[in-house]
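This is what each chain is made of:
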4 protein chains.
Amino acid sequence: MTTKQRPIDPLQQRLGKPADGWRASLYAIIFESDTPTGRAFDLALIGAILLSVLVIVLTSVQPIAARYGDWLHAAEWFFTILFTIEYMARCLCVQRPVMYARSFFGIIDIMSILPSYVSLFIPGAHVIMGVRILRLLRIFRILKLTLYIEEYGMLGEALMASRRKIFIFLSVVFLIVFLLGTVMYVVEGPEHGYTSIPTAVYWAISTMTTVGFGDLVPKTDIGRTIASFMMLLGWGILAVPTGIISSEISHRRGQRPLSQRVCPACLTIGHEPDAHYCKDCGAKF
Amino acid sequence: MTTKQRPIDPLQQRLGKPADGWRASLYAIIFESDTPTGRAFDLALIGAILLSVLVIVLTSVQPIAARYGDWLHAAEWFFTILFTIEYMARCLCVQRPVMYARSFFGIIDIMSILPSYVSLFIPGAHVIMGVRILRLLRIFRILKLTLYIEEYGMLGEALMASRRKIFIFLSVVFLIVFLLGTVMYVVEGPEHGYTSIPTAVYWAISTMTTVGFGDLVPKTDIGRTIASFMMLLGWGILAVPTGIISSEISHRRGQRPLSQRVCPACLTIGHEPDAHYCKDCGAKF
Amino acid sequence: MTTKQRPIDPLQQRLGKPADGWRASLYAIIFESDTPTGRAFDLALIGAILLSVLVIVLTSVQPIAARYGDWLHAAEWFFTILFTIEYMARCLCVQRPVMYARSFFGIIDIMSILPSYVSLFIPGAHVIMGVRILRLLRIFRILKLTLYIEEYGMLGEALMASRRKIFIFLSVVFLIVFLLGTVMYVVEGPEHGYTSIPTAVYWAISTMTTVGFGDLVPKTDIGRTIASFMMLLGWGILAVPTGIISSEISHRRGQRPLSQRVCPACLTIGHEPDAHYCKDCGAKF
Amino acid sequence: MTTKQRPIDPLQQRLGKPADGWRASLYAIIFESDTPTGRAFDLALIGAILLSVLVIVLTSVQPIAARYGDWLHAAEWFFTILFTIEYMARCLCVQRPVMYARSFFGIIDIMSILPSYVSLFIPGAHVIMGVRILRLLRIFRILKLTLYIEEYGMLGEALMASRRKIFIFLSVVFLIVFLLGTVMYVVEGPEHGYTSIPTAVYWAISTMTTVGFGDLVPKTDIGRTIASFMMLLGWGILAVPTGIISSEISHRRGQRPLSQRVCPACLTIGHEPDAHYCKDCGAKF
């Protein structure tokens, strides 16, 4: 059922699936997820990624690391070797291994195992392995054959279509934040914690975005007046990106109902509900 | 008037209303709310729930507990026994008491009284009785026969219809929060309070959601730069769920006025509520 | 021009405008704002209100109060006597003074002057005069004859139409906040500052609304996990009221374009763009 | 290609482009950006502005200023003299230099160089040069000939069209914030940090906008109750400006696709861009 509609994965086409032999079977298991074994492999891989991330997280917690340090160290190397074998298998079964190594997932895959080996020489480097969590993006490969692909694509399209509006919005916000940050640096000064313009801009961003950590706060009356103005402004202009995205999603959703009317003559879909003639062939409805 | 349109409560059907006798009368009073006595019982129950919750709240305030401790203790037991009697009455008057005990409200009802009895053996356990507030959900049973049911259902439907989009959004947010939290753990380190990856992720969530408690704050320049980026990102992507829900609600609202009125002559639908003639064939309504 | 469309003020009708004489002239000046003198009186009154509020604000600032205390005291009494005279004039020139005294603005007017007299006997009472700022609501009386009335009414209508959805939303939020506040009281306990259930609920509200003062923060791991969940939840469900209001405003705005098509036979407006027959008289377009 | 649609810049018309000679060539380079040299000049200018802003930022960071102070001082004077020459060139090549000096960009340009000269006499004045960042607004001049102009104009129009609704919203918010701030000043008083009404209003704004710095927090039970109410209110009414802007942007976006295509046979409008036949009369396009 899903086979018929399965979108051809552009990455898989580029990498080149071997014609037959054990490499083709391996390829089907590792890179495809519409066979039972392929799906089982993907699920096992995601389980392994989650467990290995859990190991990294637990290692960072002092009391746990002090008590189970050896176990966690062993688990860490177990997953590193497992992922190394998987990486080699991936390189082996594609026609163009270099292209895989350079692809988005290829880079993430190598970045998930390299830090462990590097940490043999440079202690502490293994912390960068947090990047391993990115491998979870593979989860979308399993999901993409299902209903999630439509929603996922729609959100992405809506963001892409709004990118110019969002760019203009962000550049205006950046100008405001820089200007007001500089003003606050002049008004409050280093004696109230605004030690430099970058620090004041950091404060301005935390105020405009309504985060408000409270590590820096205005102490003078003028500073508080400017801060009040910034808070109201930031609170208000939050409406702008929301409006942009909202209307974009609404627009896309609004287009969908159109695809329900079919012309009996040319079988095209997407005619408006009030149309009396087919807009493609001119047949009377 | 409301009788005609009254939706048949699926829970009541499952529990089985007794045919007649005192159990049927009791059932009508306790489980139904469209007779005067049933309504009065529900209102009295909600009053008792509110009062019992107030007792729990007051018990938690030290100065009041020190002064009126005995009175509050007595009131607590009064409500516990009252709710125990009510629970028994509910079990008695339904055909299938086990099914009631296992239902959503059955579990909440037993959880509202058990902690009091448990606290006889384990001191302090009665605090869990805060769960008693959930009994207030019964308030929707009274409301559901009125106009609120339509609005309530619409909000629920809109959330259900958007669940896949919201799931994708949340999983992307979780990935970002985990990645940036790990980065901050590496950048700021335990000496600035980021003692473990879970702590850093907690901070990342409080920053991205614009809460910004300020118990943990970045102290290094790189940390502040990443924090600034996270604040802008979190502030911006808040627009996405809002856009999803907005367009979903707009869509549902837009559909309603259309599907209601049919022309008896040409059978077109979508006539406005105040139309006197069909807009397509001119027939009088 | 504005005279023709001037809405009849329901308050003015109830108060009863005197037929003629100096009371009618005084009434026209004080209560109406469509004559030049009436408008000038209103503008002068708003100026006086703003100045008197400024006096109250300045009195509250210690350094200024210490230095200009006598001047501010004198100004305060000047405005009190001025507003007392105005109040008497209002009572004098209406037919039913008691009805005026009981109306919304009548109560605000008396509350703006009473505290000054009360403070002669009870020192410090004059601070309540901050309520005087409410008199600025009169500003909408001047604006209401202009273009602002349409926008104002539309926002009000949109909020009114959404009131049931907003009520359901707020009651669900209140249940969540109370439940999670109680849970945090149990988890964190008085030793981390969560001294009572009301305090914990206050913290829960400040977290769910993304305010995050930081005076109370979770210190345990379970507490931080619950807090993270609450922050994401509060951040996410903010989308719901926004969606409700957005779609309500969009809907109202969407109805407007309909009013552009006029039936040539019966001259009604508001026909849909695709209608072929008038929906009111059945005439063919 | 862009020449045909190039909007005539109203500022350039007012300033008056010289007819010919070296002044006309200089004008084309400095004020216009559709020739290769004009574009190169604009890009170089934006690079110089960014670098000069970077110098100001670096000067404000103590450790860097202590080490590279002389270099930064020299760079600062280099950019000041560069911008002075540019300013003179701009004055020279327009027909009406006074009009340029008074225009928006003319004022920003002079404000970018004056503080450096002033700081020769008044030390510390050069900090105001942060205003130099405003010169980056010129970046929109380059962008405006491209696709960004449509998006930019649409956002501006949407904000302009909503200005009355936003004004009403802000005035209501201001009334609420002032009233509740005064109430908190009375309730909490100077002993909890609410030292004056302006301070309390500053706190009220930081609470209503969900910023929540935490430098001032309510300590009394009544204060916390009022604060809880304010947080929920502020969180909720954030939906109003978002709804206003959302519906405004949606409306503008919805209007566009309709008004573009007219059927040559029956003169109906609103045909979809991909239609081949009129949906009302069946005529071929």
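Residues numbered from 1 in each chain as written. Chains lettered and ligands numbered in written order. Predicted model: local features only at pLDDT ≥ 70, side-chain atom pairs only at ≥ 80, totals over all residues. Heavy atoms only, no water.

Here the focus is the environment of E191 of chain B. Residues and elements named next belong to chain B. Locating E191 in the fold gives a position in the loop between helix 10 (163–188) and helix 11 (197–208). Overall, E191 belongs to the exposed group, its relative accessible area being 62%. C-alpha of E191 to C-alpha of L120: the two residues are 71 residues apart in sequence and 46 Å apart in space. (Helix = DSSP H or I, 4+ residues; strand = E, 2+ residues; numbered from the N terminus. Buried < 20%, exposed > 50% of the residue type's maximum accessible area, 1.4 Å probe, protein only.)

Right, let's get into the nonpolar core. In this structure, W203 of chain A, W203 of chain B, W203 of chain C together with W203 of chain D are the most contacted members of the largest nonpolar core, which totals 219 residues. Setting aside residues up to four positions removed in sequence, W203 of chain D forms contacts with F213 of chain C together with M184, Y194, L216, V217, P218, A227 and M230 of chain D. (Core = buried A, V, L, I, M, F, W, Y, C linked by side-chain atoms within 4.5 Å. Contact = heavy atoms within 4.5 Å.)

Bringing the pattern of salt bridges into the picture now. All names here are of chain A. The tally for this structure, following the rule as stated, stands at eight salt bridges over all chains. Across the pair D109 and R90 runs a salt bridge, and its minimum N-O distance is 3.8 Å. Of this pair, D109 sits in helix 7 (residues 104–118) while R90 is found in helix 5 (residues 62–93), placing the two residues 19 residues apart along the sequence. Side by side, D109 and R90 carry an identical accessibility label, which is buried. (Salt bridge = Lys/Arg side-chain N within 4 Å of Asp/Glu carboxyl O.)

Here the distance between the centres and the angle between the planes together describe a pair of aromatic rings. Going through the model one piece at a time under the given rule, you end up with 32 aromatic pairs over all chains. Judged by centre distance (5.7 Å) and plane angle (45°), the rings of Y87 of chain B and Y100 of chain B are tilted. You can see Y87 of chain B sitting in helix 5 (residues 62–93) and its partner Y100 of chain B sitting in helix 6 (residues 97–102), a full 13 residues away along the chain. Ring geometry for F78 of chain C against F79 of chain C: centres 5.3 Å apart, planes inclined by 70°, an arrangement best described as edge-to-face. A relative accessible area of 8% places F79 of chain C in the buried class. Clustering of aromatic rings is evident, with ring pairs tying together F78, F79 and F83 of chain A. (Phe/Tyr/Trp six-rings, centres within 6.5 Å; stacked < 30°, edge-to-face > 60°.)

Residues and elements named next belong to chain A. A grouping of L114, V118, L120, F121 and I122 is seen on the molecular surface, where their side chains present a nonpolar patch of about 520 Å² in accessible area. Tracing the chain through its elements places L114 in helix 7. The exposure class of L114 is partly exposed, given its relative accessible area of 43%. (Patch = residues over 30% accessible without salt bridge, like charges linked within 9 Å, V, L, I, M, F, W, Y side chains within 5 Å. Areas by Shrake-Rupley, 256 points an atom, 1.4 Å probe, with all protein chains shown as cover.)

This part takes up empty space enclosed by the protein. The full count for this structure, using the stated rule, is seven cavities of 30 Å³ or more. The calculated volume of the second largest cavity comes to roughly 70 Å³. Looking at the second largest cavity, the residues that line it are L238 and T242 of chain A, L238 and T242 of chain B, L238 and T242 of chain C together with L238 and T242 of chain D. Looking at the lining of the second largest cavity, its residues break down into four nonpolar, four polar and no charged. (1 Å grid on protein atoms, 1.4 Å probe; cavity = no way out; pocket = protein on both sides within 12 Å on 5 of 7 lines; lining within 4 Å. Points joined across faces, edges and corners; volume = space filled by probe spheres on them. Nonpolar A, V, L, I, M, F, W, Y, C, P; charged D, E, K, R; others polar.)

On to the state of the cysteines, then. Residues and elements named next belong to chain A. Applying the stated criterion across every chain yields a total of zero disulfides over all chains. Here C93 stays free of any disulfide, with the sulfur of C91 as its closest cysteine sulfur at 8.8 Å. When its relative accessible area of 0% is taken as the criterion, C93 is described as buried. (Disulfide = S-S within 2.5 Å.)

Bringing the packing of helix 3 (residues 22–31) of chain B against helix 5 of chain B into the picture now. Residues and elements named next belong to chain B. Remark: helix 3 packs on helix 5, axes separated minimally by 9 Å, with the N-to-C direction vectors making an angle of 125°. Between helix 3 and helix 5, the angle is such that the two are oblique. Handedness of the helix 3/helix 5 crossing: left-handed. Counting all contacts with helix 3, which are made through R23, L26, Y27, I30 and F31, the residues of helix 5 involved are A89, R90, L92 and C93. (Axes fitted to C-alpha atoms, helices over the stretch in contact; angles between N-to-C directions. Parallel < 35°, antiparallel > 145°, perpendicular 65-115°, else oblique. Left-handed = near helix turned anticlockwise from the far one by under 90°.)

With that out of the way, let us pick up the confidence of the model for chain A. All names here are of chain A. Summarising the model, chain A shows a mean pLDDT of 76, and 71% of its residues fall at 70 or more. Looking across chain A, the model is least confident in helix 1 (residues 2–5), with a mean pLDDT of 39, and most confident in helix 11 (residues 197–208), with 92. Across residues 1–8, confidence stays below pLDDT 50; counting only partners more than four residues off in sequence or on other chains, it has six contacts. Below pLDDT 50 for its whole length, residues 256–260 participates in 10 contacts with residues either more than four positions away or in separate chains. For this predicted complex, the interface confidence comes out at an ipTM of 0.76, alongside a pTM of 0.79. (pLDDT = per-residue confidence, 0-100.)

This part takes up the environment of I168 of chain B. Residues and elements named next belong to chain B. Within the fold, I168 resides in helix 10. Looking at I168, the relative accessible area reads 3%, which means it is buried. Along the chain, I168 and V61 lie 107 residues apart, while their C-alpha atoms are 42 Å from each other.

The next thing to look at is unusual backbone geometry. All names here are of chain B. Its identity as a non-glycine residue notwithstanding, T210 has a phi of 60°, on the positive side. Assignment of secondary structure puts T210 in the loop between helix 11 and helix 12 (221–237). According to the relative accessible area criterion, T210 is buried, its value standing at 3%.

Turning to the packing of helix 3 (residues 22–31) of chain D against helix 4 (residues 36–60) of chain D, a few remarks are in order. All names here are of chain D. Two numbers describe how helix 3 lies on helix 4: the axes approach to 6 Å, and their chain directions differ by 50°. Classified by the angle their axes make, helix 3 and helix 4 are oblique. Between helix 3 and helix 4, the contacting residues are A28, I29 and I30 on the first element and T37, G38, F41 and D42 on the second. Counted by class, the contact of helix 3 with helix 4 contains four nonpolar, two polar and one charged residues.

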